[in-house]
Amino acid sequence: MTTPYSGLLDHHFWRRSIASVEAHRIDPVVRTRFQIAPTDRIATAGSCFAQHIARRLQKIGDYYLVAEDGAHLPEAERAAGQYGLFSARYGNIYTAAQLWQLWREAYGEWTPEENAWPGRDGGWVDPFRPAVETFAEREAVIADRVAHLAAVRGMLESCDILVFTLGLTEAWRSLDDGAVYPLAPGVAGGAYDPARHGSVNYTAAEVEEDLGRFLAAAKQRNPGLRVILTVSPVPLAATFEDRSVLVSTTYSKAALRVAAEAMIRRHDWVDYFPSYEIITGSPAGGLYYGPDDREVNSLGVAHVMRLFERHYIDGDVVSTSAGITADATTDDAVICDEALIERWRG
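A quick note: this is a predicted structure, and the numbers were derived from the prediction, not measured.

**Student:** Explain the sheet that holds strand S7 (residues 197–201) here, please?
**Tutor:** Strand pairing in a sheet relies on backbone hydrogen bonds. The paired strands run either parallel or antiparallel. With respect to topology, three strands assemble into an open sheet ordered S6-S5-S7, the strand pairing being antiparallel. Of all strands in the sheet, those with a lone pairing partner are strand S6 (180–181) and S7, marking the two edges. Here strand S5 (residues 170–174) pairs with S6 via two bridges, running antiparallel. If you follow Trp172 over to S6, its bridge partner there is Tyr181.

Listed below in structure tokens is the structure:
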């Protein structure tokens with residue numbers, strides 16, 4: 001007697017591919033839709049976990065595209081200003097709504113009503129990247145954003161592959177023009193006004209709609225573009241919903257994962273890399289998180305990037321993160337704007 005499962009390969013079965021394999025050797029990537037050639041230029045954007053991918057790409061070859069590099073500044077100022085943290089100086093883009101909004105602003109399809117906020121400790125900040133830099137003058141915020149949007153356009157039109165890490169479904173937005181912020185007003189700049197600012201928790205359908213709009217527009221502008229989607233394994237630092245942050249985290253990640261799945265079913269040039277599953281899967285047993293059970297440690301980053309290299313990088317790449325040994329060059333610290341919520345909660 002046979003069943004539809006007779007003869008299927010090991011990766012179809014939990015016992016064969018997960019339960020019987022040591023946690024640090026588990027590889028849930030069955031195949032990828034494309035390879036990264038040595039000549040490909042890769043751009044990154046998304047939540048703070050995307051910073052790990054950017055750092056690793058810079059260490060293994062000339063893959064990483066930086067369109068806003070601050071080359072005219074001393075090294076210390078470049079680091080402080082988040083140059084090179086992502087491919088452009090947009091800071092953490094936590095939601096698909098932010099990503100689509102950035103596209104529309106970059107190409108002149110939308111202009112926000114608010115273009116500068118008073119900084120928390122003086123000066124002025126950009127409402128859409130308030131933790132990136134504090135400017136002495138309001139006019140400097142506006143001028144720098146013009147240059148930033150030009151860099152975003154250049155990046156999107158010249159990259160071969162975009163890696164985008166979906167991070168959150170919760171966000172804050174303006175009740176006046178619908179502008180979506182990476183942080184609530186008052187956390188890193190601006191002033192919270194319940195009559196002008198409101199919270200939103202996007203549904204999977206809304207994430208899918210915004211992500212789909214961005215992908216369609218980006219592909220039209222850059223026909224050769226390929227995209228790798230990931231979901232951040234980092235739990236929420238805080239939730240505005242009246243429930244446990246743990247419950248909000250599971251909802252958020254589930255909705256993001258559903259939206260990512262919809263995109264790969266819709267587009268053959270979009271792929272999904274399971275960094276979320278590698279880090280959060282039950283076989284890891286929390287091994288890949290730091291003492292706060294939130295930040296991903298060097299062991300987890302090494303596992304994720306070892307598999308990313310193995311399956312995507314075309315050519316001879318020597319991985320320094322073999323086995324369970326952490327990559328000695330991996331810097332665990334990432335810039336996570338969300339952490340400011342807890343710092344300034346009062």
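**Student:** Is there a simple way to explain the packing of helix H2 (residues 50–60) against helix H9 (residues 298–312) in this structure?
**Tutor:** At a closest axis distance of 11 Å, the pairing of H2 and H9 adopts a crossing angle of 55°. As summarised for this structure, H2 and H9 are arranged oblique, according to the angle between their axes. Seen from above, H2 lies across H9 with right-handed handedness. On H9, the residues that touch His52, Ile53, Arg56, Leu57 and Ile60 of H2 are Val301, Met305, Phe308 and Glu309.

**Student:** For this particular structure, what's the right way to read the sheet that holds strand S9 (residues 270–272)?
**Tutor:** The four strands are arranged S1-S4-S8-S9 in an open sheet whose pairing can be described as parallel. At either end of the open sheet lies a strand with only one pairing partner, and these are strand S1 (42–46) and S9. Neighbour to neighbour, the strand axes of the sheet diverge by 20° on average, direction disregarded. Here strand S8 (residues 226–231) pairs with S9 via three bridges, running parallel. From the neighbouring strand, Ile228 faces S9, where its bridge partner is Asp271. Sheet strands in contact with H2 are S1 and strand S4 (161–166), and its direction is about 160° off that of S1.

Criteria and cut-off values
Residues numbered from 1 in each chain as written. Predicted model: local features only at pLDDT ≥ 70, side-chain atom pairs only at ≥ 80, totals over all residues. Heavy atoms only, no water. Pairing = 2+ DSSP bridges. Helix = DSSP H or I, 4+ residues; strand = E, 2+ residues; numbered from the N terminus. Axes fitted to C-alpha atoms, helices over the stretch in contact; angles between N-to-C directions. Parallel < 35°, antiparallel > 145°, perpendicular 65-115°, else oblique. Left-handed = near helix turned anticlockwise from the far one by under 90°. Contact = heavy atoms within 4.5 Å.

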